[in-house]
Amino acid sequence: MEPPDDKTVRFQINGRSHEGTRGESLLAAIRRHGYEVPSLCYHEAVSPYGACRLCLVEVKRGRRQKLTTSCNYPLQEGIEVFLDTDRVVRHRRTILQLLLAMAPEAEELRSLAAEYGVEDTPFVTDEEHADNACILCGLCNRVCNEVVGAHAIAFAGRGLHKRMESPYDDVAEACIGCGACVFVCPTSCIGIEETEQMRRILKWHRDLPMQKCAACGRPFAPTFQIMHFADKIGVERSHFDRCPDCR
Ligand code: SF4
Ligand code: SF4
Ligand code: FES
């Protein structure tokens, strides 16, 4: 049977027929149909990057069946997807061990690993990552670039020395302190501190003074963030003199 229109495709998940949109992320389609596939570097608000490799599935197209990451695999007509084959589970366990070597204390990672019976890692913990638990998933960078538009942080170095950091690992001057990267980081390794006077984004060495509401005096957001958003949406900066409650 032909699919109903150009955009809609039919495909199978674990032997059951489903429909999705041509070219959409296979992971998104799988989840929309109620199946679970783990991921640490995927977020629907930003482009997929394929870094953590936890979203592995097997895809059969014609006579060929291969292991692939699903977050950055564009959905196609007629593919058959297998979520939990022995090969998938075996590879996923190894990936979890590798990630645990990078971030042995990260809670979300540890609990995901435990679901696969992985409590520890045989791999040597990378000293460069030992104190910051970054798994190089790139989510912070993509959120900062694609959603916030601040372009404050980036990957630096190569191979074993690759890391996510502020320019020259110095103060991220372009960081507006919105906290979006902190929110999406799967290992909670960026760090944010807030006082009445200051919001501090620890990993990017960025301190931002807080704006106090002209009416109630409550600090409600970093001044720099407010100016950035006011300019972006084209309203007077004075519109943000008051907090949302007093506006
Ligand atoms: S807190 Fe700074 S680095 Fe993080 S998303 Fe916001 S602007 Fe970007
Ligand atoms: S800091 Fe967090 S979000 Fe950014 S690359 Fe590292 S693990 Fe991913
Ligand atoms: S979620 Fe697909 S590689 Fe990380």
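Located above this text is the structure these notes cover.
What counts, and at which threshold
Residues numbered from 1 in each chain as written. Chains lettered and ligands numbered in written order. Predicted model: local features only at pLDDT ≥ 70, side-chain atom pairs only at ≥ 80, totals over all residues. Heavy atoms only, no water. Helix = DSSP H or I, 4+ residues; strand = E, 2+ residues; numbered from the N terminus. Buried < 20%, exposed > 50% of the residue type's maximum accessible area, 1.4 Å probe, protein only. 1 Å grid on protein atoms, 1.4 Å probe; cavity = no way out; pocket = protein on both sides within 12 Å on 5 of 7 lines; lining within 4 Å. Points joined across faces, edges and corners; volume = space filled by probe spheres on them. Nonpolar A, V, L, I, M, F, W, Y, C, P; charged D, E, K, R; others polar. Core = buried A, V, L, I, M, F, W, Y, C linked by side-chain atoms within 4.5 Å. Domains from an automatic or database assignment. Contact = heavy atoms within 4.5 Å. Pairing = 2+ DSSP bridges. Axes fitted to C-alpha atoms, helices over the stretch in contact; angles between N-to-C directions.

Visitor: Please clarify how unusual backbone geometry should be interpreted in this entry.
Guide: Most of the time, phi is negative for any residue but glycine, and the peptide bond is trans. Despite not being glycine, Asn-14 shows a phi value in the positive range, around 45 degrees. On the secondary structure map, Asn-14 appears in the loop between strand S1 (8-13) and strand S2 (16-21). By relative accessible area, which is 37% here, Asn-14 ends up partly exposed. We note that Ser-188 has phi near 50 degrees; this positive angle belongs to a residue other than glycine. Checked against the element boundaries, Ser-188 lands in the loop between helix H6 (180-184) and strand S8 (192-194). For Ser-188, a relative accessible area of 62% gives the class exposed.

Visitor: Teacher, can you tell me more about the layout of surface pockets here?
Guide: With a probe scaled to a water molecule rolled over the atoms, the places where space remains empty come into view. Looking at the second largest pocket, its volume works out to about 180 Å³. Arg-31, Glu-36, Val-37, Pro-38, Ser-39, Leu-40, Asp-84, Arg-92, Glu-108, Leu-112, Glu-115 and Tyr-116 are the residues that line the second largest pocket. With three residues, the top contributor of residues to the lining of the second largest pocket is helix H3 (residues 107-115). Split into classes, the residues belonging to the lining of the second largest pocket amount to five nonpolar, one polar and six charged.

Visitor: Before we go on, may I ask you to explain the nonpolar core in this structure?
Guide: Nonpolar side chains in soluble globular proteins generally cluster together in the buried interior. Counting 43 residues, the largest nonpolar core has Leu-40, Leu-54, Leu-99, Leu-109, Ile-135, Ile-190 and Trp-204 as its most contacted members. Counting only elements with at least two residues in this core, the list comes to helix H2 (86-102), H3, helix H5 (139-148) and H6. Counting contributing residues per domain, this core is built from domain 1 (1-128) and domain 2 (139-240), each supplying no fewer than three. In this structure Trp-204 touches Cys-140, Ile-153, Met-164, Glu-165, Ser-166, Asp-170, Val-171, Ala-172, Cys-181 and Ile-190, once residues within four positions along its chain are discounted.

Visitor: Quick question: what am I supposed to make of H5 here?
Guide: Residues lying three or four places apart along an α-helix face the same way, a consequence of the helix completing one turn every 3.6 residues. Here H5 lies mainly inside the structure; seven of its 10 residues are buried. Every buried residue of H5 is listed here: Leu-139, Cys-140, Asn-141, Arg-142, Val-143, Cys-144 and Val-148. Buried residues belonging to H5 abut strand S6 (154-156), strand S7 (163-165), H6 and helix H7 (223-233). Just downstream of H5, Gly-149 is the residue with a positive phi angle, here 80 degrees.

Visitor: Can you help me understand the sheet that holds S8 in this one?
Guide: Strand pairing in a sheet relies on backbone hydrogen bonds. The paired strands run either parallel or antiparallel. In space, the four strands of this open sheet follow the order S8-S9-S10-S11, with antiparallel pairing throughout. The open sheet terminates on both sides in strands that have one partner only, identified here as S8 and strand S11 (219-222). Neighbouring strand axes in the sheet, compared pairwise and without regard to direction, differ in orientation by 25 degrees on average. Pairing geometry for S8 and strand S9 (residues 198-201), over three bridges, is antiparallel. Counted as the bridge partner of Ile-192 is Ile-201 from S9. Strands in contact with H7 are S9, strand S10 (206-212) and S11; relative to S11, the strand with the most contacts, it is inclined by about 65 degrees.

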